[in-house]
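So the chains spell out like this:
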Amino acid sequence: PPAAAAVAAAAVAPALAAAAAAPVRRTVSVKRGSKSKDLGLTIGTDSTNPNVVMVSGIAPEAKAEGLRAGDRIVGINGKPVATHEDAIKLLKKAGKKVTLEVEEAPVALA
């Protein structure tokens, strides 16, 4: 019956909304260029929260497969990132290959 379907849909909707809002976390490997020490990334902070470090740009030649502008950087080479300064220090100390743990910004459902 339609009423039972509506009740079932109402019960499932909050779980779907929570799953859609939860950030997806993934690990991305980035390599420095052979001629420069540059990773080809630009990082910045979220305008609403200065403690959120985000990828703000990726150069076309960057070896950063799977990384997207807007990704939030939560770890670098296994160490947590709490501030922009943390990220800068860890990236400067990192070797040729850098492992980033990032969270994808949730996509709003229409």
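Note that the coordinates shown come from a computational prediction; the quantities given were computed from them, not determined experimentally. (Residues numbered from 1 in each chain as written. Predicted model: local features only at pLDDT ≥ 70, side-chain atom pairs only at ≥ 80, totals over all residues. Heavy atoms only, no water.)

Asks: Help me out: how do you make sense of the overall build of the protein chain in this one?
Replies: Counting secondary structure elements, the protein chain contains two helices and six strands. Along the protein chain, helices (α) and strands (β) appear in the sequence α-β-β-β-β-β-α-β when read from the amino end. Split into buried and exposed, the 110 residues of the protein chain put 27% on the buried side. (Helix = DSSP H or I, 4+ residues; strand = E, 2+ residues; numbered from the N terminus. Buried < 20%, exposed > 50% of the residue type's maximum accessible area, 1.4 Å probe, protein only.)

Asks: Can you walk me through the pattern of salt bridges in this structure?
Replies: Opposite charge on two side chains allows them to pair when their charged atoms are near. For the coordinates displayed, the defined rule picks out six salt bridges. Among the ionic pairs, R72 bridges to E103, the shortest N-O distance being 3.6 Å. Here R72 is found in strand β4 (residues 72-76), whereas its partner E103 is found in strand β6 (residues 97-104), with 31 residues between them in sequence. You can call E103 buried: its relative accessible area is 13%. Taken together, the shared-partner salt bridges in this structure form one network comprising R25, R72, E101 and E103. (Salt bridge = Lys/Arg side-chain N within 4 Å of Asp/Glu carboxyl O.)

Asks: What is the right way to read the nonpolar core from this model?
Replies: Generally speaking, soluble globular proteins have nonpolar side chains that are buried together. V30, L67, I73, I76 and L100 are the most contacted members of the largest nonpolar core, which has 20 residues in total. Elements with a contribution of two residues or more to this core: β1 (24-31), β2 (41-46), β3 (49-58), β4, α2 (84-93) and β6. With residues up to four places along the chain from it excluded, the contact list for I76 reads V81, A87, L90, L91, V98, T99 and L100. (Core = buried A, V, L, I, M, F, W, Y, C linked by side-chain atoms within 4.5 Å. Contact = heavy atoms within 4.5 Å.)

Asks: I tried to follow the side chain of R32 on my own but got confused; where do I start?
Replies: Note on placement: R32 falls in the loop between β1 and β2. Despite its burial, R32 remains without a salt bridge, the nearest opposite charge being carried by D38 at 6.3 Å. Within the structure, the side chain of R32 is placed 2.8 Å from the backbone oxygen of G95, a separation counted as a polar contact. Non-local contacts of R32, meaning those with residues more than four positions away in its chain, are made with K37, D38, L39, L91, A94, G95, K96 and V98. (Lys, Arg positive; Asp, Glu negative; His and termini not counted. Polar contact = N/O pair within 3.5 Å; in protein donor to acceptor, adjacent residues only side chain to side chain.)

Asks: For this particular structure, what's the right way to read the layout of surface pockets?
Replies: Roughly 160 Å³ of volume is contained in the largest pocket. Sorting the residues of the lining of the largest pocket by element identifies β2 and α2 as the ones contributing at least two each. With three residues, α2 is the single largest residue contributor to the lining of the largest pocket. A per-class count over the lining of the largest pocket returns five nonpolar, one polar and four charged. (1 Å grid on protein atoms, 1.4 Å probe; cavity = no way out; pocket = protein on both sides within 12 Å on 5 of 7 lines; lining within 4 Å. Points joined across faces, edges and corners; volume = space filled by probe spheres on them. Nonpolar A, V, L, I, M, F, W, Y, C, P; charged D, E, K, R; others polar.)

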